[in-house]
Amino acid sequence: MLSERMNQALNDQVKWEMYSSYLYLSMSAYLADMGLSGFANWMRVQAQEELFHAMKFYDFINERGGRVILQPIDAPPSSWDGVLDAFQKTLEHERHVTARINDLVNVAIEERDHATNIFLQWFVTEQVEEEDGVNDLLHKLRLINGEGQGMLLLDKDLAARVFTMPAAATA
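It should be emphasised that the depicted structure is a prediction, and the values quoted were computed from it without experimental measurement.

1. Re the side chain of Gln46
As for its placement among the helices and strands, Gln46 is situated in helix H2 (residues 37–63). Within the structure, the side chain of Gln46 is placed 2.9 Å from the side chain of Arg161, a separation counted as a polar contact. With residues near it in sequence (within four places) discarded, Gln46 still touches Tyr24, Glu94, Glu130 and Arg161.

What follows is the structure, given as structure tokens:
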């Protein structure tokens, strides 16, 4: 059974993961409008991943005898100062999500909720991968200075990304 404090913290994270999905979907629309369908695809897949994360929290709350209470989701921004800025904001957002996950781990430890702590370790690992992936893209964008043929090649590469259900979710 989840403590009230843990239940509330996990519900807040459901909202945050839903917002993250909404944010990346907005970035996808922005990039599609720029004619960068590969970059737009990358963000759309990112939005799908965040929705998956939200549902993973949702299901866990229910499995642990908690109560899911959905909260209003703020509207995300709808434009950025170019591709580089959008990906810089993505890295900042992922770092914020990492801090939130770390805070959830701390609450689980304080509440002596070992099951939730174990559950959250998947997200700790996931956030390392998320930050690394975005950082890699930012390095590439900086190398090509966000322009020219390099942008077209990177756009083509990003068009190949697909959402794959994480193995831990199917086990």
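2. Some points on the side chain of Ser21
By the element assignment, Ser21 lies in helix H1 (residues 4–33). Among the polar contacts listed, one links the side chain of Ser21 to the backbone oxygen of Ala47, at a separation of 2.8 Å. Other than its neighbours up to four places away in sequence, Ser21 contacts Ala47, Glu50 and Leu51.

3. Things to note about the nonpolar core
Counting 24 residues, the largest nonpolar core has Leu31, Phe39, Trp42, Met43, Val83, Phe87 and Leu141 as the members making the most contacts within it. Contributing elements (two or more residues each) for this core: H1, H2, helix H3 (83–110), helix H4 (114–143) and helix H5 (148–158). Sort the elements by how many residues they give to this core and H1 lands first, with six residues. If near-sequence neighbours (up to four positions away) are discounted, Leu141 is found in contact with Phe39, Val83, Leu84, Phe87, Gly146, Met151 and Leu154.

4. Focus: H5
Regarding H5, the residues found buried are Met151, Leu154, Asp155 and Leu158. With its buried residues spanning 105° around the axis, H5 presents them on a single face. Of the exposed residues in H5, the ones pointing more than 90 degrees away from its buried face are Gln149, Leu152, Leu153, Lys156 and Asp157. Against the buried residues of H5 lie H2, H3 and H4.

5. Focus: the packing of aromatic side chains
This model, assessed by the stated rule, comprises eleven aromatic pairs. With 6.2 Å between their ring centres and 65° between their planes, Phe52 and Trp122 make a pair best called edge-to-face. Highlighted residues: Phe52 in helix H2 and Trp122 in helix H4, separated in sequence by 70 residues. Between Trp122 and Phe123, the ring centres sit 4.9 Å apart and the planes meet at 85°, which makes this aromatic pair edge-to-face. Its relative accessible area of 1% is what places Phe123 among the buried residues.

6. A few points about the UniProt feature "transmembrane region" (unreviewed entry) in the protein
With numbering matched to this structure, UniProt assigns "transmembrane region" (unreviewed entry) to residues 21–43. Between the end C-alpha atoms of residues 21–43 the distance is 9 Å, and the span holds 87% helix and 0% strand.

Thresholds applied
Residues numbered from 1 in each chain as written. Predicted model: local features only at pLDDT ≥ 70, side-chain atom pairs only at ≥ 80, totals over all residues. Heavy atoms only, no water. Helix = DSSP H or I, 4+ residues; strand = E, 2+ residues; numbered from the N terminus. Polar contact = N/O pair within 3.5 Å; in protein donor to acceptor, adjacent residues only side chain to side chain. Contact = heavy atoms within 4.5 Å. Core = buried A, V, L, I, M, F, W, Y, C linked by side-chain atoms within 4.5 Å. Buried < 20%, exposed > 50% of the residue type's maximum accessible area, 1.4 Å probe, protein only. Arc of directions from axis to C-beta. Phe/Tyr/Trp six-rings, centres within 6.5 Å; stacked < 30°, edge-to-face > 60°. UniProt positions renumbered as here; feature names shortened; annotations may be inferred.

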